[in-house]
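Observations on chain architecture
Next come the chains, spelled out residue by residue.
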Amino acid sequence: MKSEHEGSVESGSGPELLDGLVSLDKDSQLQRGLKSRHIQFLALGGAIGTGLFVGSGGILAIVGPLPLWLGYLSQMFVVWCVMNAIAEMTTYLPMRGITLPYFTNRYVDSSLAFAAGWNYWYAYAILVAAEASAGAILLDYWNTPVHAAVWITIILVVCLALNIIAVEVFGEAEFWFASIKLITILGLIIMGIVIMAGGAPNGEAIGFGTWSNPGAIKPYVATGSWGNFLAYWTAFVRAGFSFITSPELIGLAAGETVAPRRNIPKAARRFLYRLALFYGVSSLILGCLVRSDHPRLLSPESNANASPWVIGIQEAGIGGLNHVINAAILTSAWSAGNAFLYSGSRILYSLAATGQAPHIFTRTTRRGVPYAAVLGTWSLGLLAYLNVSENGATVFTWFMNISTISGFIAWIVVLITYLRFRSALKFQGLLDTLPFKTIGQPYLSWFVLGLVSLLTLTNGFQTFVIKAADGGFDYKNFLAAYITIPAFVLLYVGHKIVYRTPLAKPLTNVDVVTGKKEMDEWCEADVKPVPKNWLQRVWFWIA
């Protein structure tokens, strides 16, 4: 049953565009610059950033090693569910120009899409500032005479340059950035195991000693079992920063990916396994290497020595390696900032193309790079210069709280969109046409939707019970934790009032057909590469 579609297909001398944004033209589908290895490392590059390398130290200092580990494991489950939902939608219609707000507009409601689009852009732009702030903290480790503002400028300019040239250049740069990051994490995991077993120069086999002294859990806000639970919940919430918007990176890149129906499911399936290794194992080891009461862990008083990995290396008596690791972590900040600038610019371009942002942001270079949107997103990253007047760790924490709540809201919208998409497919008898299906749906999505909603509402609960340094209400952290919620509601309600849109499109009007035939025909032409030897077989499995 074909549904009525409220959008339109524009034709003319240029490529055929659906809703003024998404290309159905066969020739334009061939102009895709991101390969399988690019999108897999793009998603990992966004997920493995300063949240793991620097922010994890703050969680460890507040709640201890066990909640840190459990918090990351819990967030990995949430991310896996969100990733599956995104992968199902994008492999169904992997058209050039797609964004997640586009799917929200098509399957749910234009007002929700409008609010979600601006929320995404805001989150990505703030994340650019967060990564630049973290980079400045890391560079200050060497106590250089260079002012922090200079380091922030260098980081931001490099990210801008890599995004403004061409998508192929961006993809290749991100691949190598992420490669350094992954090699670093693997090296740190191996090194951590060696240190725990007594292989460090000091010869001390620390094992899980920090779990008994000072302890596995530091009760938070309350005492007893309730304090232990709140410690876990705090870690669960804060661990979200490490994963925020990372599953969406694959969705945003789907329209610029070669063979999306082969490569998107491949990236989605392996995302969880790689996160389990890089986050599950490394967060467990991290809680063993560094005591939770170590004075240099990330806090408002800490400085560039705050990376728990660097602390662990120094405590083990390994000389010189701390500088190498700090340099590798710096490339991590660059990599994540690079990925977030790419994603934010594509969201802003999409908003402009659909009339929800100034038209100037639709301008592109001859190579198709939306340079105006890149510059617009990059400009909000200039907030990183707040480091000049405030402590770097404090500014980083503000950005972490702001982007985390924006990311949670984005995941809520993604899951609502996916559930509506699936309901429309079932209503129209097209559920069996999904080219990629994941387990536990739609039940897992309903469960995670409720869970993320609860995380969103309790994101800043500690501000109600912990007073600020001056003894008053901690309004700064309260605003950082909750300001995004009323802003999102204002965008949503304001759009509804102005355009008088219904609460949601009736299932009979949800279009899950337009573009499907074109994508089926184009994807059928995909030829899966056949490995010529065992080396190629291994490489094709990895990338």
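Residues numbered from 1 in each chain as written. Predicted model: local features only at pLDDT ≥ 70, side-chain atom pairs only at ≥ 80, totals over all residues. Heavy atoms only, no water.

What about the packing of aromatic side chains?
Enumeration over the complete set of coordinates arrives at 24 aromatic pairs. Their ring planes at 20° and their centres at 5.7 Å tell us that Trp226 and Phe229 sit as a pair that is stacked. Taken together, the residues span about one helical turn, with Trp226 and Phe229 both in helix α9 (residues 224-243) at a distance of three residues. Overall, the relative accessible area of 38% leaves Phe229 in the partly exposed class. (Phe/Tyr/Trp six-rings, centres within 6.5 Å; stacked < 30°, edge-to-face > 60°. Helix = DSSP H or I, 4+ residues; strand = E, 2+ residues; numbered from the N terminus. Buried < 20%, exposed > 50% of the residue type's maximum accessible area, 1.4 Å probe, protein only.)

Here's the deal with the pattern of salt bridges
Taken as a whole and assessed by the stated rule, the structure comprises four salt bridges. For Arg106, the salt bridge identified is with Asp511, shortest N-O distance 3.2 Å. Of the two residues, Arg106 is situated in helix α5 (residues 100-107) and Asp511 in the loop between α18 (484-499) and α19 (516-524); the sequence distance between them amounts to 405 residues. Across the pair Asp109 and Lys496 runs a salt bridge whose closest N-O atoms are separated by 3.0 Å. With Asp109 in the loop between α5 and α6 (110-139) and Lys496 in helix α18, this residue pair connects regions lying 387 residues apart in the sequence. Accessibility classification places Asp109 together with Lys496 in one group, the buried group. (Salt bridge = Lys/Arg side-chain N within 4 Å of Asp/Glu carboxyl O.)

A few points about the environment of Ala87
Assignment of secondary structure puts Ala87 in helix α4 (residues 65-92). Placed 174 residues apart in sequence, Ala87 and Arg261 show a C-alpha to C-alpha distance of 9.3 Å. Once residues lying within four places of it in the same chain are set aside, the contact partners of Ala87 are Ile264, Ala268 and Phe436. (Contact = heavy atoms within 4.5 Å.)

Describing α6
Relative to the 44 Å expected for 30 residues at 1.5 Å per residue, α6 spans 43 Å between its end C-alpha atoms, a close match to the ideal helical length. The buried fraction of α6 amounts to 28 of the 30 residues, a majority that puts the element mostly inside the structure. The distance from a side-chain oxygen at the start of α6 to the backbone nitrogen of Ser111 is 3.3 Å, and the residue carrying that oxygen is Asp109. (Expected span 1.5 Å × (residues − 1). Polar contact = N/O pair within 3.5 Å; in protein donor to acceptor, adjacent residues only side chain to side chain.)

Remarks on the nonpolar core
Grouped together as the largest cluster of nonpolar side chains are 148 residues, with contacts concentrated most on Tyr107, Trp411, Phe421 and Val512. Beyond its immediate stretch of four places on either side in the chain, Phe421 contacts Glu88, Met89, Tyr92, Tyr107, Leu434 and Val512. (Core = buried A, V, L, I, M, F, W, Y, C linked by side-chain atoms within 4.5 Å.)

Some words on the packing of α6 against helix α7 (residues 148-164)
The packing of two helices is summarised by the inter-axis angle and the distance between the axes. Look at α6 against α7: their axes get within 9 Å of each other, and the N-to-C directions meet at 130°. It follows from the interaxial angle that α6 and α7 lie oblique. Taken as a pair, α6 and α7 cross one another with a handedness that is right-handed. Across the interface between the two elements, Val128, Ala132, Gly135, Ala136 and Leu139 from α6 touch Ala148, Trp151, Ile152, Ile155 and Leu156 from α7. By residue class, the composition of the contact of α6 with α7 is nine nonpolar, one polar and no charged. (Axes fitted to C-alpha atoms, helices over the stretch in contact; angles between N-to-C directions. Parallel < 35°, antiparallel > 145°, perpendicular 65-115°, else oblique. Left-handed = near helix turned anticlockwise from the far one by under 90°. Nonpolar A, V, L, I, M, F, W, Y, C, P; charged D, E, K, R; others polar.)

Considering unusual backbone geometry
Cis geometry marks the peptide bond from Asn213 to Pro214; its omega dihedral reads 15°. Note on placement: Pro214 falls in the loop between α8 (167-196) and α9. Of note, the amide linkage connecting Gln441 to Pro442 takes the cis form, showing an omega dihedral of 5°. Among the secondary structure elements, Pro442 is positioned in the loop between α15 (392-427) and α16 (443-457). Positive phi, close to 70°, is recorded for Val221, a residue that is not glycine. Inspection of the secondary structure assignment puts Val221 in the loop between α8 and α9. A positive phi angle, close to 50°, is found at Arg500, a residue other than glycine. You can see Arg500 is positioned in the loop between α18 and α19. By relative accessible area, which is 73% here, Arg500 ends up exposed.

Some points on the side chain of Asn119
Structurally, Asn119 is set in helix α6. Contact partners of Asn119, with chain neighbours within four places excluded, come to Ser406, Ile409, Ala410, Thr484 and Phe488.

Examining α5
For α5, the buried fraction is high: seven of the eight residues fall into the buried class. Of all the positions in α5, only Leu100, Pro101, Tyr102, Phe103, Thr104, Arg106 and Tyr107 are classed as buried.

Let's talk about the packing of α4 against α16
Contact pair α4 / α16: the axes reach a minimum separation of 10 Å and the direction vectors enclose 125°. Considering the angle they form, α4 stands oblique to α16. Seen from above, α4 lies across α16 with left-handed handedness. Taking contact as the criterion, the partners of Gln75, Phe77, Val78, Trp80 and Cys81 in α4 are, on α16, Leu444, Phe447, Val448, Leu451, Val452 and Leu455.

Considerations on a nonpolar patch on the surface
Residues Val221, Phe464, Val465, Ile466, Phe473, Tyr475, Leu479 and Ile483 make up a contiguous nonpolar surface patch of about 760 Å² in total accessible area. Its place among the elements puts Tyr475 in helix α17 (residues 475-482). Classification of Tyr475 as partly exposed rests on a relative accessible area of 48%. (Patch = residues over 30% accessible without salt bridge, like charges linked within 9 Å, V, L, I, M, F, W, Y side chains within 5 Å. Areas by Shrake-Rupley, 256 points an atom, 1.4 Å probe, with all protein chains shown as cover.)

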